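The lines below spell out each chain.
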Amino acid sequence: VLLGYRAVRARRIQQHMRFMLSAVALSALFLVSFVLRYVRYGPSEFHGTGPVRWFYMAILVSHEALAPITIPLVIGAMLLGLMRRFSVHRELARLTLPIWLYVSVTGLIVFFLLYVSPGRP
Ligand code: HEM
């Protein structure tokens, strides 16, 4: 996503398109694997206590609130780009991009806190 953004700022449109379509494909792949895992094993429990738990909950709630909104935004921005409706694409994509990045980064933070952070049981 960041590479795609850098490309469009440098007016490299073909490269922008390729990076963004790759990001959409990777996100779709992730979403499928996430849903399959969720159906199979259910939600993960966070075992931390104290301030780290509050931090985890705040990140998780904001991540979960925005993640479903990201899907139609990304699909809409992608379709508008592919349909060459560039001025509307640009308007929607400028809203989509920061939300998509926020959801991606907070998703990584949640993963790190659940499975990688030291001190977990
Ligand atoms: C989900 C996928 C995509 C995202 C998130 C995205 C994101 C963006 C963003 C944020 C901008 C505005 C950049 C700025 O502020 O100057 C932009 C512009 C642009 N995008 Fe995309 N893009 C995506 C897919 C595509 C596709 C598939 C195309 C097809 C060629 C495309 C073509 C363009 C063009 C031509 C512009 C420049 C529009 C203008 O300045 O009038 N984008 N895109």
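Criteria and thresholds
- Residues numbered from 1 in each chain as written.
- Predicted model: local features only at pLDDT ≥ 70, side-chain atom pairs only at ≥ 80, totals over all residues.
- Heavy atoms only, no water.
- Donors = N, O, S within 2.8 Å, 3.2 Å for Na, K, Ca; no water.
- Tetrahedral: all angles 85-135°; square planar, octahedral: opposite > 155°, others 65-115°.
- Helix = DSSP H or I, 4+ residues; strand = E, 2+ residues; numbered from the N terminus.
- Buried < 20%, exposed > 50% of the residue type's maximum accessible area, 1.4 Å probe, protein only.
- Near = heavy atom within 4 Å.
- Polar contact = N/O pair within 3.5 Å; in protein donor to acceptor, adjacent residues only side chain to side chain.

### Here we look at the coordination of the iron atom of the ligand
Link 1 in the chain: Only His16 (NE2) and His89 (NE2) from the protein coordinate the iron atom of the ligand, and they sit 2.0 Å from it.
Link 2 in the chain: Coordination geometry of the iron atom of the ligand: the six donor atoms subtend angles of 87 to 179° at the metal centre, consistent with an arrangement described as octahedral. You can see His16 sitting in helix α2 (residues 13–41) and its partner His89 sitting in helix α4 (residues 86–116), a full 73 residues away along the chain.
Link 3 in the chain: Among the residues examined, His16 registers a relative accessible area of 13% and is labelled buried.
Link 4 in the chain: On the basis of relative accessibility, which here comes to 15%, the residue His89 falls in the buried class.

### Observations concerning the site of the ligand
Link 1 in the chain: Neighbouring the ligand are 18 residues, the closest being Arg9, His16, His89, Arg90 and Arg94.
Link 2 in the chain: Here an oxygen atom of the ligand sits 2.7 Å away from a polar atom, N or O, in the side chain of Arg9.
Link 3 in the chain: Within the contact set of the ligand, an oxygen atom lies 2.8 Å away from a side-chain nitrogen or oxygen of Arg94.
Link 4 in the chain: Only α1 (2–9), α2, α3 (51–82) and α4 provide two or more residues apiece to the shell around the ligand.
Link 5 in the chain: Top contributing element to the shell around the ligand by residue count: α4, with six residues.

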